[in-house]
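# Overview (structure and organization)
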Amino acid sequence: MSVNNEICEAHGVCYTVDPDLFTLDEDGYSNIGRGREVPPGKEGRAQEGVDLCPVQALMIEPET
Ligand code: SF4
């Protein structure tokens, strides 16, 4: 999964869904970068965080 840092507005909703999966930098912006692996069993949480981001800054890439 990835974040578009041009869109992220540091709402931190993703972090509240799962702080291990959706880490933030010291200013509250997502720092997951591009292509962060979703650990097995965390797919639901990952999808939830993506869905709840109020500005749709997060995405999950299809499996390759
Ligand atoms: S919920 Fe969205 S806007 Fe908020 S920190 Fe996470 S990616 Fe950024």
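First, a word on what this report is: a plain description of the structure on this page.

Parameters and conventions
- For every chain, the first residue of its written sequence is number 1, and the numbers climb from 1 along that sequence.
- For this predicted model, a pLDDT threshold of at least 70 governs which residues receive local features, and a threshold of 80 or more governs which side-chain atom pairs are given and counted, while totals over whole chains, interfaces and linings are taken from all residues.
- Heavy atoms throughout the structure, all of them, feed into the side-chain values; hydrogens and water do not.
- Each helix is a run of H or I in the DSSP string that is no shorter than four residues. Each strand is a run of E no shorter than two, and both are numbered from the N terminus.
- As used in this structure description, the phrase polar contact means that two N or O atoms lie within 3.5 Å; if the pair is within protein, one of them must be able to donate a hydrogen and the other to accept it, and residues adjacent in sequence are counted only when both atoms belong to side chains.
- Contacts are residue-level and defined by heavy atoms, with any inter-residue pair within 4.5 Å sufficient.
- Salt bridge, as applied in this entry: a Lys or Arg side-chain nitrogen positioned within 4 Å of an Asp or Glu carboxyl oxygen.
- Using a 1.4 Å probe on the protein chains alone, a residue whose accessible area is under 20% of its type maximum counts as buried, one over 50% counts as exposed, and one in between counts as partly exposed.

Of note, Ser 30 is situated in the loop between α1 (13-17) and α2 (43-52). Here the side chain of Ser 30 touches Ile 32 through a polar contact of 3.5 Å, landing on its backbone nitrogen. Discounting chain neighbours no more than four positions away, the residues touching Ser 30 are Val 3, Asn 5, Cys 8, Thr 23, Leu 24 and Leu 58.

It is worth spelling out the pattern of salt bridges at this point. Taken as a whole and judged by the stated rule, the model has 2 salt bridges. Between Lys 42 and Asp 18 there is a salt bridge, with its nearest N and O atoms 2.6 Å apart. Of this pair, Lys 42 sits in the loop between α1 and α2 while Asp 18 sits in the loop between α1 and α2, and the two are 24 residues apart along the sequence. The partner of Asp 18 in a salt bridge is Arg 45, and the shortest N-O contact between them spans 3.4 Å. Separated by 27 residues along the polypeptide, Asp 18 in the loop between α1 and α2 and Arg 45 in helix α2 bring together distant segments of the chain. The exposure class of Asp 18 is buried, given its relative accessible area of 2%. Exposure remark for Arg 45: the relative accessible area of 39% places this residue in the partly exposed category.

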